[in-house]
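What the coordinates show
Below are the chains, spelled out letter by letter.
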Amino acid sequence: MEKKPFNDADKHYQKHVGTPTSYNMKQMPKPILMIGYFFFGFMAIAVVLIILLILLDKIL
């Protein structure tokens, strides 16, 4: 299933810059996949930790 551009600028960008029309996460190389999982996991844990620390600071 190919993504069709919605206007001429998008078509030009896809043609000359080479933006992907679709992607499959399972086809990515394993090291890049692990880096992505680590990054987003770290960000999620950091957000939860910051929220908990703010709530604990207001309680104490």
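Residues numbered from 1 in each chain as written. Predicted model: local features only at pLDDT ≥ 70, side-chain atom pairs only at ≥ 80, totals over all residues. Heavy atoms only, no water.

On the surface, F38, F39, F40, F42 and M43 cluster together into a nonpolar patch covering about 610 Å² of accessible area. Positionally, M43 belongs in helix α2 (residues 30-59). Overall, M43 belongs to the partly exposed group, its relative accessible area being 39%. (Patch = residues over 30% accessible without salt bridge, like charges linked within 9 Å, V, L, I, M, F, W, Y side chains within 5 Å. Areas by Shrake-Rupley, 256 points an atom, 1.4 Å probe, with all protein chains shown as cover. Salt bridge = Lys/Arg side-chain N within 4 Å of Asp/Glu carboxyl O. Helix = DSSP H or I, 4+ residues; strand = E, 2+ residues; numbered from the N terminus. Buried < 20%, exposed > 50% of the residue type's maximum accessible area, 1.4 Å probe, protein only.)

This part takes up the packing of aromatic side chains. Given two aromatic rings, one states the distance between the centres and the angle between the planes to describe the pair. All told, the structure shown has two aromatic pairs when counted by the stated rule. When the ring of F38 is compared with that of F42, the centres are 6.4 Å apart and the planes differ by 20°; the resulting orientation is stacked. In this pair, F38 and F42 both sit in helix α2, four residues apart, roughly one turn of the helix. By the burial criterion, F38 is exposed, and F42 matches it. Pairing F39 with F40 gives two aromatic rings, centres 5.4 Å apart and planes at 75°, and the pair type is edge-to-face. Under the relative-accessibility criterion, F39 is labelled partly exposed at 45%. (Phe/Tyr/Trp six-rings, centres within 6.5 Å; stacked < 30°, edge-to-face > 60°.)

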